[in-house]
Amino acid sequence: QVQLVESGGGLVQAGGSLRLSCVASGRIGSINGMGWYRQAPGKQQRELVAGITRGGGTNYADSVKGRFTISRDNAKNTVYLQMNSLEPEDTAVYYCAAEIRLSSTLIIKNYWGQGTQVTVSS
């Protein structure tokens, strides 16, 4: 019904930058909050990296404040994560998530992308 597809991951040296994108498609009525999570190697839980409301309000994990910027294009159903000054500790699989109301319904569900690998070498 709904798909989230991430892109933009890869291998980068410490201090470098990457920009992640996530496009939502399918039976979308409207998208509420969107966010980026990550799961580091050897860790079982995903942590919130950054979130953004439909109106543009943002919040960030303390570890990425000042380095990462989340943004969204509501017309394109897309959320971005600009990552600067990357550190080896940022190495993880990054997932986008979105709270979506399905079209022609009042049903609201949380959806996840398949993840994109970000590796930062020292």
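Remember, predicted model here, so these are calculated numbers, not experimental data. (Residues numbered from 1 in each chain as written. Predicted model: local features only at pLDDT ≥ 70, side-chain atom pairs only at ≥ 80, totals over all residues. Heavy atoms only, no water.)

Here we look at the state of the cysteines
For step 1, the next point in the chain: Inspection of the entire model under this criterion finds one disulfide.
For step 2, the next point in the chain: Cys22 shares a disulfide with Cys96; S-S distance 1.9 Å. Linking Cys22 in strand 3 (residues 18–26) with Cys96 in strand 9 (residues 92–102), this pair joins segments that are 74 residues apart in sequence. (Disulfide = S-S within 2.5 Å. Helix = DSSP H or I, 4+ residues; strand = E, 2+ residues; numbered from the N terminus.)

Comments concerning the nonpolar core
For step 1, the next point in the chain: Ranked by internal contacts, the top residues of the largest apolar core, which has 31 residues, are Leu4, Trp36, Leu81, Met83, Tyr94 and Ile100.
For step 2, the next point in the chain: Listing elements by their share of this core, those giving two or more residues are strand 1 (2–7), strand 3, strand 4 (28–39), strand 5 (47–52), strand 7 (68–73), strand 8 (78–83), strand 9 and strand 11 (116–121).
For step 3, the next point in the chain: Looking at which element gives the most residues to this core, the answer is strand 9, with six residues.
For step 4, the next point in the chain: Apart from the residues lying within four places of it in its own chain, the contact partners of Met83 are Gly16, Ser17, Leu18, Leu20, Arg67, Phe68, Tyr94 and Val118. (Core = buried A, V, L, I, M, F, W, Y, C linked by side-chain atoms within 4.5 Å. Buried < 20%, exposed > 50% of the residue type's maximum accessible area, 1.4 Å probe, protein only. Contact = heavy atoms within 4.5 Å.)

Some details on the packing of aromatic side chains
For step 1, the next point in the chain: This model, assessed by the stated rule, comprises one aromatic pair.
For step 2, the next point in the chain: The side chain of Arg19 reaches across the aromatic face of Tyr80, ending 4.1 Å from its centre.
For step 3, the next point in the chain: Cation over ring: Arg46 sits above Tyr95, and NZ or CZ is 3.6 Å from the ring centre. (Phe/Tyr/Trp six-rings, centres within 6.5 Å; stacked < 30°, edge-to-face > 60°. Lys NZ or Arg CZ within 6 Å of the ring centre and 35° of its normal.)

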